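What follows is each chain in one-letter form.
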Amino acid sequence: MSETMDNNRIKDKTIPEKAINAFFLLISALGCIMSIRMDLVGRSLWYDEAALAWSFTKRDFFSLVSEPLEHVQAAPVGWLYIVKVFTLIFGNTDITLRIPSIVAYALTLLLIYLVLKDVVKTKYPLAGAAVAANMELMLQYSNVFKPYMSDCVITLFMVCLFFLYEEGRIKALTVTILFAVLIWFSNPACFVGGGLLASGFIYSLCEKEYNKLKQYIIIGVPMGLSFLADYLFWLKDTDERMHAFWEPYRFPLLPGPGNWAKLKEMTGFLTEPLSYLTIPVMILFFWGLVFTIKKKNRYVTAVYITVLLSLLASSLGFFPVNKRMWLFIYPLLIITALFSLDTIMFVSDNKRVGILSVVIMLALVLSENGIIHYFDGENVYWPGYEVKDEYNYLVSVIQADEKVFVNGSQTPIFAYYNDYEDELNDMGNEVRLGRATSAGAFKKKDLSYIIDSKKCYIVMGNTWDDPSCEKLFTEAKKHGYIDMVYNEHETPLFYYCEKEADRKPESFDTWK
């Protein structure tokens, strides 16, 4: 099929085709509106967000990356500085911290559309944007203060850059500089950059375009050196601290007799966010490999190499299997699936096949329910982590002779909303921030603080019923009384007092 025929079939739209595209555009727009709406609900920072905000907020611009982030957190250097500048201009609140992710979500949808339209050249490029827009996982992390949505933007942008270079619309020097710089803004950028260059190298080698081979090497060397510098300066320490935690999440790239269960488990982790899309997307993904080779599409080939490089890095212990860390891969899978479906549609001249392909596209969009799911504002909240509302309630009821103990798992969240003070903001009540402990253990100093306080609120979250907290409560009850006085969004607040006369009249049943 010639390029002219490809362009003609994209531009010439019938009324039904325009209606289908309008539907895809509507879903994409609704996704963006829903993402903004989710941010305005007022959800508390999640633990990982607050843990990252700890270093991000307490450090100034010049000391932001002077040492590894606290609470075993990681984020690309470039991303940290972009968000830091943003918060210096617009203020550091939970809403503003998440705005860069909302913008990245909208840009991701736009870039999926552009890649499908101009790079891959499918007839319904908006279909890919609509599928991603309605993915629950994509919407969820469009409202999180973490770099996952930015990873999607950076990696898709690299695909567009490589396409522009291959088309002769930008110079090699531009790509070389940008590829080297973007490594500092997104950790998965090395996989996508490597996939793009490897794909171009393979096809140029097969087609005996030796001048291009040299150019790919020239582009790749600075990118590799930039990644090495990033690793030695920033990523190395992070890997060392996180290695033990993520060790069980390696992908067994070469399955053996003892690895099949692990392979099934890790594959399940990666495909879970696709929900009902899992089987059709996987079928189209592997089916598309045949068409990719046949049509010699170096851009789609790059996706397959990117996935392979990511899995290889995971098997070596450098890139653990985790759906949020792999968020960048889902737009690429969607692009590959749409490419495969589009090729099936136009390789066959059968109108029924074309209609069936469109039906499958619509099914792919509607099989996800992210927009409907988050239409219910209650689903926006993260049960067990809504310390923000718990904090606001505490401030409204605490008395001058009462103190506060914060369980270690809620410390980063509480500290963010309390401006990292050791007293309750504008109230003066003493606050003790606990540190995380191993399961079944608690710190005797924390117990002593609660008992000696005579009257003490105990801030808890999703861990309040784990063995360490149960043991803490059991010991504290030997000296007084503990009641649950608040439990919105499964994020409870307890109250300890030595005398029965000091017990709060409010009961847990008062609160949802």
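Further up the page is the structure itself.
Residues numbered from 1 in each chain as written. Predicted model: local features only at pLDDT ≥ 70, side-chain atom pairs only at ≥ 80, totals over all residues. Heavy atoms only, no water.

Draft legend 1. Expanded view of a nonpolar patch on the surface. Together, Phe 201, Leu 205, Tyr 210, Ile 217, Val 221, Leu 225, Leu 228 and Leu 232 make up a nonpolar patch on the protein surface, roughly 780 Å² of accessible area in all. Counting only elements with at least two residues in the nonpolar patch, the list comes to helix H10 (189-206) and helix H11 (210-246). Ranked by the residues each element gives to the nonpolar patch, the list is headed by H11, at 6 residues. Mapped onto the elements, Val 221 comes out in helix H11. When its relative accessible area of 44% is taken as the criterion, Val 221 is described as partly exposed. (Patch = residues over 30% accessible without salt bridge, like charges linked within 9 Å, V, L, I, M, F, W, Y side chains within 5 Å. Areas by Shrake-Rupley, 256 points an atom, 1.4 Å probe, with all protein chains shown as cover. Salt bridge = Lys/Arg side-chain N within 4 Å of Asp/Glu carboxyl O. Helix = DSSP H or I, 4+ residues; strand = E, 2+ residues; numbered from the N terminus. Buried < 20%, exposed > 50% of the residue type's maximum accessible area, 1.4 Å probe, protein only.)

Draft legend 2. Highlighting the packing of H10 against helix H14 (residues 298-315). It is at 7 Å that the axes of H10 and H14 come closest, and there the two elements cross at 130°. Taken together, H10 and H14 sit at an angle that is classed as oblique. Along this stretch, H10 crosses H14, giving a crossing that reads as right-handed. Along its contact with H10, which presents Phe 191, Val 192, Gly 194, Gly 195, Leu 196, Ala 198, Ser 199, Gly 200, Ile 202, Tyr 203 and Ser 204, the element H14 presents Arg 298, Thr 301, Ala 302, Ile 305, Thr 306, Leu 309, Ser 310 and Ala 313. Per-class residue counts for the contact of H10 with H14 are 10 nonpolar, 8 polar and 1 charged. (Axes fitted to C-alpha atoms, helices over the stretch in contact; angles between N-to-C directions. Parallel < 35°, antiparallel > 145°, perpendicular 65-115°, else oblique. Left-handed = near helix turned anticlockwise from the far one by under 90°. Contact = heavy atoms within 4.5 Å. Nonpolar A, V, L, I, M, F, W, Y, C, P; charged D, E, K, R; others polar.)

Draft legend 3. Representation of H10 within the structure. With 18 residues, H10 extends 26 Å from end C-alpha to end C-alpha; this agrees with the ideal 26 Å at 1.5 Å per step. Counted residue by residue, H10 has 13 buried out of 18 residues, so it is predominantly covered. Immediately downstream of H10, the backbone of Lys 208 shows phi near 60°, a positive value. (Expected span 1.5 Å × (residues − 1).)

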